[in-house]
Amino acid sequence: MLGQLRPLVAALAVTAVMGTGTAHAQEPAERPAKRVYNSMQFAHPSSPDAFCTIGAVGLDDYGRKTAISAGHCGPGAAYADREILENVLPVYDRQDFAYGPIGYMRYYKSAEGSMTGHPTKDYMVIELVPEVTLSSQGPHLKQTGMVEVPGGAAAPTAPAPARASERLLGAGLFDNNELVVSGQLGVWYGRVTNNAGGVYQSHAPHQAGDSGGPAIRHVPGSAYPSEANGWQAQGPWAGITKARILGFPPYVYTSSANILGDLRARDAADPADVHGAGFEVTTQP
């Protein structure tokens, strides 16, 4: 199961480099509005079957339209662990290559030898182009804001004191936190059974290509996705799809707390130059 992610990363590495230096030439002079939302798949036209998925869209503290995905979807070490100010790694909607780039990779965390991405910082920041319209509504999930866990354990990436959005969902015997996820398998939900440094295990399944896709927290008392409600659910953004591991359950997710904590730590070290710092999910429908 672990090995299924490796060709995805390798293919993205090839296709992203192939896109270097060509993005501007492919963009039309006037571009129509385009909605960008959680669960949208992205790839490069030269290799449409090497794709990952957007986990959340919104604005950062500097007003930039931003999407979050998985760091292990980035093209290897060449651009990892730095702000990518050049428009060299274009991101395309896998279902609409003709539109041109919907954004550009601005940061991704290197895997540092891990087959499933960095243990606690497996995330990517994409700066979306101004023409796109942000939407909180994906095919199955409506993201209603950010998960906040006052009093929860601080994410290992968070500067002290950790903010409520940088604290983790509990996974103890008497905790009943559940994730609702959306990907190629449809929409699923499952209890958070373990929390290892802000990486959640859950029975909610996914498959290769869903990397970076959305996970929301099920709000107690709210409707679960079902045939009766068109397989829809809503709740605050809780994280992104990470990988399948040799454990039970095998499905793991990087917490939003880990991502937000690391973004704030990096922004404190380099104010105003960190894409995605202060990220908040859009409220636009």
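Up top is the structure.
All residue numbers here refer to positions counted from 1 along the written sequence of the relevant chain. Confidence filtering applies because this is a predicted model: local features only for residues at pLDDT of at least 70, side-chain atom pairs given and counted only at 80 or more, and all residues used for totals across whole chains, interfaces and linings. Only hydrogens and water are removed before side-chain values are computed, so all heavy atoms of the structure are retained for them.

Participant: I'm lost on the sheet that holds strand 4 (residues 56–59) in this one. Help?
Facilitator: The strands making up a sheet are joined through hydrogen bonds of the backbone, oriented either antiparallel or parallel. We call two strands paired when DSSP finds no fewer than two bridges between them. For helices the rule is a DSSP run of H or I covering at least 4 residues; for strands it is a run of E covering at least 2, with both sets numbered from the N terminus onward. Across the sheet, eight strands lie side by side as 3-2-6-7-8-5-4-17; this open sheet has antiparallel pairing. Two strands bound the open sheet, and with one partner strand each, they are strand 3 (47–53) and strand 17 (280–281). Inspection of the sheet shows strand 7 (residues 103–108) paired to strand 8 (residues 124–128) by five bridges, in the antiparallel sense. Bridging across to strand 8, Gly-103 finds its partner in Leu-128.

Participant: In this structure, what is going on with the pattern of salt bridges? I would like to understand it.
Facilitator: If the charged atoms of two oppositely charged side chains come close together, the side chains can form a pair. Any carboxyl oxygen of Asp or Glu that lies within 4 Å of a side-chain nitrogen of Lys or Arg is treated as forming a salt bridge with it. The full count for this structure, using the stated rule, is 13 salt bridges. Salt-bridge contacts for Asp-60 lead to Arg-64; the nearest nitrogen and oxygen are separated by 2.8 Å. Here Asp-60 matches Arg-64 in class, with each residue buried. A cluster of three or more residues bridged by salt bridges with shared partners is formed by Glu-83, Lys-121, Asp-262 and Arg-266. The rule is simple: take the accessible area with a 1.4 Å probe, protein chains only, and divide by the maximum for that residue type; under 20% is buried, over 50% is exposed, in between is partly exposed.

Participant: Can you help me understand unusual backbone geometry in this one?
Facilitator: Note: most residues except glycine have negative phi, and most peptide bonds are trans. In this structure, the amide linkage connecting Ala-160 to the following residue, Pro-161, adopts the cis form with an omega of -5 degrees. Tracing the sequence through the fold places Pro-161 in the loop between strand 10 (141–146) and strand 11 (178–183). Of note, the bond from Phe-248 into Pro-249 is cis; its omega dihedral lies within 30 degrees of zero at -10 degrees. Considering the arrangement of structural elements, one finds Pro-249 in the loop between strand 15 (233–244) and strand 16 (251–255). In this structure, Asp-81 takes a positive phi of about 65 degrees despite not being glycine. Its location among the elements puts Asp-81 in the loop between strand 5 (65–69) and strand 6 (90–93). Although it is not a glycine, Glu-112 adopts a positive phi angle of roughly 50 degrees.

Participant: I keep staring at the environment of Tyr-99 and nothing clicks. Help me out?
Facilitator: Following the sequence through the fold, Tyr-99 ends up in the loop between strand 6 and strand 7. Residues Tyr-99 and Pro-32, 67 residues apart in the sequence, show an inter-C-alpha distance of 8.4 Å.

Participant: Mind showing me how you'd approach the nonpolar core here?
Facilitator: As a rule of thumb, nonpolar side chains are buried together in soluble globular proteins. Among the nonpolar cores identified, the biggest contains 42 residues, and Ile-54, Ile-102, Leu-128, Trp-237 and Phe-279 are the most heavily contacted of them. Only strand 4, strand 5, strand 7, strand 8, strand 9 (132–134), strand 15 and helix 3 (256–269) provide two or more residues apiece to this core. Among residues more than four places away in sequence, those in contact with Ile-102 are Arg-31, Lys-34, Met-40, Ile-54, Val-91, Tyr-92, Asp-93, Glu-127, Leu-128, Val-129 and Val-132. Take the buried residues of types Ala, Val, Leu, Ile, Met, Phe, Trp, Tyr and Cys, join any two whose side-chain atoms come within 4.5 Å, and each joined set is a nonpolar core. The contact criterion used throughout is that any non-hydrogen atoms of two residues lie within 4.5 Å.

Participant: What is the right way to read the pairing of strand 12 (residues 186–196) from this model?
Facilitator: Here is the key point about a regular strand: its side chains alternate between the two faces of the sheet. When strand 11 meets strand 12, the two strands line up antiparallel, connected through six bridges. Across the sheet, Val-181 pairs through a bridge with Trp-188, a residue of strand 12. Pairing between strand 12 and strand 13 (residues 199–202): four bridges, direction antiparallel. Residue pairing for strand 13: Val-192 is matched across the bridge by Ser-202. The hairpin formed by strand 12 and strand 13 contains two residues between the paired strands, and Gly-197 there has a positive phi angle of roughly 60 degrees.

Participant: Help me understand the side chain of Arg-266, please; the structure alone is not making it clear to me.
Facilitator: Relative to the helices and strands, Arg-266 resides in helix 3. Definition of a polar contact: a pair of N or O atoms within 3.5 Å, with one able to donate and the other able to accept a hydrogen when the atoms are protein atoms, and with sequence-neighbouring residues admitted only if both atoms are side-chain atoms. Within polar-contact distance, the side chain of Arg-266 engages the side chain of Tyr-123 at 3.2 Å. Aside from chain neighbours lying at most four places away, what touches Arg-266 is Glu-83, Tyr-107, Tyr-123, Val-274 and His-275.

Participant: Could you clarify how one ought to interpret the pairing of strand 7 in this entry?
Facilitator: The buried fraction of strand 7 is high, at six of six residues. With two bridges connecting them, strand 6 and strand 7 associate as antiparallel partners. Considered in strand 7, the bridge of Pro-90 is made with Tyr-104.

It is worth stressing that arrangement in space is one thing and function is another; only the former is reported here.
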